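# Per-entry structural report
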Amino acid sequence: MTELAAVKAALKAQAVETPSWAYGNSGTRFKVFTQAGVPRDPFEKLDDAAKVHEFTGVAPTVALHIPWDRVEDYAALGRHAEERGVRIGAINSNTFQDDDYKLGSICHPDAVVRRKAVDHLLECVDIMDATGSRDLKLWFADGTNYPGQDDIRSRQDRLSEGLAEVYGRLGEGQRMLLEYKLFEPAFYTTDVPDWGTAYAHCLKLGEKAQVVVDTGHHAPGTNIEFIVATLLREGKLGGFDFNSRFYADDDLMVGAADPFQLFRIMYEVVRGGGFTSDVAFMLDQCHNIEAKIPAIVRSVMNVQEATAKALLVDGAALAAAQGSGDVLEANAVLMDAYDTDVRPLLREVRGEMGLDPEPMKAYRSCGWGEKVVAERVGGEQAGWGA
């Protein structure tokens, strides 16, 4: 296989998971904006996700968020997804929207609240069984606002105990993906604030526990590609939540704020073998002022472009420059790949996959947006908390 053929094969095999919540209404803590034609239930979310996959060819799975996507029959939801040409992806838990979780969930000082949180996580594993999902994705808003509010070490003990119970419930081929976040909503301590904390818990749990890197969950200036390289080296990178940030956890379209950072991350993924392993590439975004489906299509395309550039890095030339200490040449090798216009290559790849070379134009001309605006009348639109 030629080098170009190998690059094309890798791009054709790529998979980017889209999040069900990105198809619903969202906003800031000041206002949630509504849009006509937004899905009213998880089935309609899957219908929209299927259109993204139809025009990109690389978005075959859809992450669910429980209880936002709770239904009576999850097996039926899974069948609906398959009928639309997609599958259920990661099951995301929610232990941050009940009043009981004001002081935490799995780390709460009250055993009754901890039991409620763990039972919810176990329910999510049941949903995995019913839908055929591989991944349980956990993000905890747990933390404290004031020094002395709770014992930091005891909270880590509770976290470890709860995770261990859920880990023991996982079935064959299922994984636990633990996400971290520097801050928010707690102001003094966050119980899973960084990749080291997440890694320590996952290492103790076992091989089914992996770390998730959300690109918006770091302090300004953090070298995310270093974290990616390290976790890949240790075999503990389970997946990404791709988005962009200007200030904090903005959840903007991936590649919108710093496309060069996305390229650097994807290069480390390629370099570390993550592109051909079980690393899950997921979007975690909120489309507040832009149209939902086109924004997700664009996001998938942004990941494709960064990946294509990363695959074009001349590894031999880079290694030679690094080995000889030629700083400028090593940097130039990376920049040559980044500066390559890969859009013609991706149009060619899509054509070979039987897709329209221009996904955005193809979607806009298909009439789906106008169709759902006309048909999705009445009922309650999906959004945060629904």
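See the structure printed just above.
The text that follows walks through the structure, step by step, so that each part is easy to find. Not measured: the values here are computed from a predicted model.

Quick look at the overall build of the chain now. Scanning the chain from terminus to terminus reveals 14 helices and 12 strands. Taken over the C-alpha atoms alone, the chain extends approximately 60 × 60 × 40 Å along its principal axes. A total of 386 residues make up the chain; the buried ones form 54% of that total. Within the chain, residue pairs in contact and separated by at least 24 positions form 77% of the contacts whose partners lie at least 6 positions apart.

Within the largest apolar cluster, 96 residues are counted, with the highest numbers of intra-cluster contacts made by Phe 140, Leu 163, Phe 240 and Phe 242. In terms of residue count, the dominant contributor to this core is helix H9 (residues 292-311) (10 residues). Core analysis: the second largest hydrophobic core is formed by eight residues, Trp 21, Trp 68, Ala 90 and Met 282 among them.

Attention shifts here to helix H2 (residues 42-56). An ideal rise of 1.5 Å per residue puts 21 Å on 15 residues; H2 measures up with 21 Å between its terminal C-alpha atoms. Between a side-chain oxygen at the N-terminus of H2 and the backbone nitrogen of Phe 43 the separation is 3.0 Å; the capping residue is Asp 41. Note on H2: the residue one or two positions beyond its end, Gly 57, has a positive phi of about 75°.

In this section: the pairing of strand E8 (residues 175-179). Buried residues dominate E8, accounting for five of its five residues. The two faces of E8 match: Arg 175, Leu 177 and Glu 179 on one face and Met 176 and Leu 178 on the other face are all buried. Pairing analysis gives four bridges linking strand E6 (residues 135-138) to E8, with the strands arranged parallel. Bridging from a neighbouring strand, Lys 137 pairs with Leu 177 of E8. In the sheet, E8 pairs with strand E10 (residues 209-214) via four bridges, with the strands oriented parallel. Following the sheet pairing, Met 176 is matched in E10 by Ala 209.

What counts and what doesn't
Residues numbered from 1 in each chain as written. Predicted model: local features only at pLDDT ≥ 70, side-chain atom pairs only at ≥ 80, totals over all residues. Heavy atoms only, no water. Helix = DSSP H or I, 4+ residues; strand = E, 2+ residues; numbered from the N terminus. Buried < 20%, exposed > 50% of the residue type's maximum accessible area, 1.4 Å probe, protein only. Contact = heavy atoms within 4.5 Å. Core = buried A, V, L, I, M, F, W, Y, C linked by side-chain atoms within 4.5 Å. Expected span 1.5 Å × (residues − 1). Polar contact = N/O pair within 3.5 Å; in protein donor to acceptor, adjacent residues only side chain to side chain. Pairing = 2+ DSSP bridges.

It is worth stressing that arrangement in space is one thing and function is another; only the former is reported here.
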